[in-house]
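# Examination of the molecular architecture
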Amino acid sequence: MEPPDLFSPELKKGSIEMLILSLVEARPRHGYEIGKLIERRSGGRLTFALPTLYPTLIRLERRGWIKGRWVEKAGQRERCFYRLTSDGRRVLAERQDNWRAYVVAVNEIMGT
C-alpha cells in the first residue's frame, strides 16, 4: 500500500519543474525513472502520477530546458531519455536559489 500523498497539488505544481531539472542534471533519465526517483528520494512522501509528469516533460522540452532522445535497448521498449540543456542549467540554478531563499523566509516567519 502506498503512503498517502502529504502535499497539496498547488505546492507540488510549484516544484515539479525544478525537481525534474534537478534529476536530469546529473545524467539523462526517462520519465518513469524520474517519477520513481522523486518517490524514493522523498521517502514516498512526494509522488507524481505519470499523467502529470509527462506533460511537464513535454513543456520543459518545448521551452528548451531539456532535450529528449529516444533510445531502444535490446529486449526493452523504446524510451525517451531527457537531458538538461545549457538553458535548463541556467534556469535550474535560478530556481534553486529562489527556492532556498523562499524556504529561509518561511522558516524565519515560522520561527524554525
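Here's what I pulled together on the structure shown here.

Cut-off values and rules
Residues numbered from 1 in each chain as written. Predicted model: local features only at pLDDT ≥ 70, side-chain atom pairs only at ≥ 80, totals over all residues. Heavy atoms only, no water. Helix = DSSP H or I, 4+ residues; strand = E, 2+ residues; numbered from the N terminus. Buried < 20%, exposed > 50% of the residue type's maximum accessible area, 1.4 Å probe, protein only. Contact = heavy atoms within 4.5 Å. Lys, Arg positive; Asp, Glu negative; His and termini not counted. Charge placed at Lys NZ, Arg CZ, Asp CG, Glu CD. Axes fitted to C-alpha atoms, helices over the stretch in contact; angles between N-to-C directions. Parallel < 35°, antiparallel > 145°, perpendicular 65-115°, else oblique. Left-handed = near helix turned anticlockwise from the far one by under 90°. Nonpolar A, V, L, I, M, F, W, Y, C, P; charged D, E, K, R; others polar. Salt bridge = Lys/Arg side-chain N within 4 Å of Asp/Glu carboxyl O.

### Things to note about the overall build of the chain
Helix and strand counts for the chain come out as 5 helices and 3 strands. Tracing the chain from N to C terminus, the helices and strands come up as α-α-β-α-α-β-β-α. When the backbone C-alpha atoms are referred to their principal axes, the chain occupies close to 55 × 40 × 20 Å. Here the chain holds 112 residues, and the buried ones make up 34% of them. A separation of at least 24 residues holds for 52% of the contacts in the chain among residues at least 6 apart in sequence. Between the mean site of the 21 positive side-chain charges and the mean site of the 14 negative ones, the chain shows a separation of 4 Å.

### Comments concerning the packing of helix H2 (residues 16-26) against helix H5 (residues 86-110)
H5 packs onto H2 with a crossing angle of 125 degrees between their chain directions and a minimal axis gap of 10 Å. Viewed along their axes, H2 and H5 adopt a mutual orientation that is oblique. Two packed elements cross with a definite hand, and for H2 against H5 that hand is left-handed. Contacts between H2 and H5 pair Glu17, Met18, Leu21, Ser22 and Glu25 from the former with Gly88, Arg89, Val91, Leu92, Arg95, Gln96 and Trp99 from the latter. Split into classes, the residues belonging to the contact of H2 with H5 amount to 5 nonpolar, 3 polar and 4 charged.

### Some details on the pattern of salt bridges
Scanning the entire structure with this criterion turns up 9 salt bridges. Notably, a salt bridge pairs glutamate 33 with arginine 29, separated by 3.0 Å at the nearest N-O pair. Since its relative accessible area comes to 17%, glutamate 33 is described here as buried. Across the pair arginine 100 and aspartate 97 runs a salt bridge whose closest N-O atoms are separated by 3.7 Å. Of this pair, arginine 100 and aspartate 97 both sit in helix H5, 3 residues apart, which is roughly one turn of that helix.

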